[in-house]
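Coordinates in review
Each chain, letter by letter, is given below.
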Amino acid sequence: MSHAGTQPVQDWTPELIQQAVDAHKDMPGAMLPILHAIQDRFGYIPEAAVPIIAESLRHTRAEVHGIISFYHHFRTQPSGSHVVQVCRAEACQAVGARQLEAHVKARLGVDYHQTSRDNEFTLEPVYCLGNCACGPSIRVDDDIHGRMDAEKFDRLADRLTTTAVEVK
C-alpha cells in the first residue's frame, strides 16, 4: 500500500477497481471502505471507478460522486510526489498557521486541492494533526513537522524537490 504523496503501486484498470469493490461490497456501509481501498491502492479515485462502484452497490453515479466530493480526503486526480497538509485547527491558527498557510500557497503556487506545476506537491487542508502543543504543524506525506514557519517550510520544500540533472 502506498502512503499519501507517493505514486501508486500500480496503474488502475477496470478489473482492479472491480476487485477492490468486490472485496468490500458486502461490508456494512461499504461505500467508504471501497473508496478508501481504491485510493490506497491507486493514489486517487479514477472517474471510471464511479460507474463500477454505483452499479455494484446499486447506487446512482450522483450518489457516489456526492460522497467522494463530501469527504476532502478523497482525490479524483493523482497527487504530486509529496502531499503537504497544513493544519487549520484553532490551536495552530493561534500560533501563526494562517500566515504559514498563505506562505505555503504562494511558495507552491497552488491553492488547496491543487498540485504544483512540477507535480512535486499537492496541497491539502487538515483540521488537526494532534500536534497542538507544537503548532503550527504540517504533515508532509507521513511525517508531521511542528513549530513550522516560512523559512523552515522553504528549506523542507527545497530538500523534497526533485532536481533534474542534465547528463552531457
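Procedures and definitions
Residues numbered from 1 in each chain as written. Predicted model: local features only at pLDDT ≥ 70, side-chain atom pairs only at ≥ 80, totals over all residues. Heavy atoms only, no water. Helix = DSSP H or I, 4+ residues; strand = E, 2+ residues; numbered from the N terminus. Buried < 20%, exposed > 50% of the residue type's maximum accessible area, 1.4 Å probe, protein only. Contact = heavy atoms within 4.5 Å. Areas by Shrake-Rupley, 256 points an atom, 1.4 Å probe, with all protein chains shown as cover. Pairing = 2+ DSSP bridges. Axes fitted to C-alpha atoms, helices over the stretch in contact; angles between N-to-C directions. Parallel < 35°, antiparallel > 145°, perpendicular 65-115°, else oblique. Left-handed = near helix turned anticlockwise from the far one by under 90°. Nonpolar A, V, L, I, M, F, W, Y, C, P; charged D, E, K, R; others polar. Core = buried A, V, L, I, M, F, W, Y, C linked by side-chain atoms within 4.5 Å. Phe/Tyr/Trp six-rings, centres within 6.5 Å; stacked < 30°, edge-to-face > 60°. pLDDT = per-residue confidence, 0-100.

Here we take up the overall build of the chain. Summing up its helical and strand segments, the chain has seven helices and five strands in all. For the chain, the N- to C-terminal ordering of α and β elements is α-α-α-α-β-α-α-β-β-β-β-α. Scored against the burial criterion, the 168 residues of the chain give a buried share of 38%. In the chain, once contacts between residues fewer than 6 apart in sequence are set aside, the share between residues at least 24 apart is 61%. Total accessible area on the chain is roughly 9,700 Å²; 51% of this is exposed by carbon and sulfur atoms.

Our next topic: the sheet that holds strand β3 (residues 121-126). Ordered by their spatial adjacency, five strands build an open sheet running β2-β3-β1-β4-β5, and the pairing between neighbours is mixed. One side of each edge strand has no neighbouring strand; the edge strands of this open sheet are β2 (114-115) and β5 (143-145). Where β2 and β3 come together, two bridges link them in antiparallel fashion. Within the sheet, the bridge partner assigned to Thr115 lies in β3 and is Thr122. Contacts from helix α6 (residues 97-108) reach β1 (82-87), β3 and β4 (138-140), with the element oriented near 155° to β1. Where helix α7 (residues 150-160) meets the sheet, its contacts fall on β1, β3, β4 and β5, and the angle it forms with β4 comes to roughly 5°.

A separate point is the packing of helix α2 (residues 31-42) against helix α3 (residues 49-57). Between two packed helices, both the angle of their axes relative to each other and the distance between the axes serve to describe the pair. It is the contact of α2 with α3, at a shortest axis distance of 12 Å, that shows an interaxial angle of 150°. Put simply, α2 runs roughly antiparallel to α3. Considering the relative orientation of α2 and α3, their crossing is right-handed. Facing Met31, Ile34, Leu35 and Ile38 of α2, the residues of α3 in contact are Ala49, Ile53 and Leu57. Within the contact of α2 with α3, the residues separate by chemical class into seven nonpolar, no polar and no charged.

Take the pairing of β3 next. Among the six residues of β3, six are classified as buried, and the element is accordingly described as predominantly covered. Every second residue of β3 is oriented toward a common face, with Phe121, Leu123 and Pro125 on one face and Thr122, Glu124 and Val126 on the other, all of them buried. When β1 meets β3, the two strands line up parallel, connected through six bridges. Looking at the pairing, Gln85 lines up with Glu124 of β3.

Before going further, it helps to spend a moment on the nonpolar core. Formed by 20 residues in total, the largest nonpolar core has its most connected members in Ile38 and Ile53. Secondary-structure elements contributing two or more residues to this core are α1 (14-24), α2, α3 and α4 (61-70). Looking at this core element by element, the count peaks at six residues for α3. Within the second largest apolar cluster, 15 residues are counted, among which are Val84, Leu100, Leu108 and Val110.

A word on the packing of aromatic side chains. Using the criterion set out here, one finds two aromatic pairs in the structure. With centroids separated by 4.9 Å and ring planes inclined at 90°, the aromatic side chains of Phe70 and Tyr71 adopt a geometry described as edge-to-face. By relative accessible area, Tyr71 is classed as partly exposed at 35%. Measuring from ring centre to ring centre gives 6.2 Å for Tyr71 and Phe74, while their planes differ by 80°; the resulting arrangement is edge-to-face. Under the relative-accessibility criterion, Phe74 is labelled buried at 8%. Grouped by ring-pair contacts, the aromatic residues Phe70, Tyr71 and Phe74 constitute a single cluster.

Averaged over all residues, the pLDDT of the chain equals 92, while 92% of them reach at least 70. Long-range and interchain partners of residues 1-8, a stretch whose pLDDT sits below 50, account for 25 contacts in this model, where long-range means more than four residues apart.

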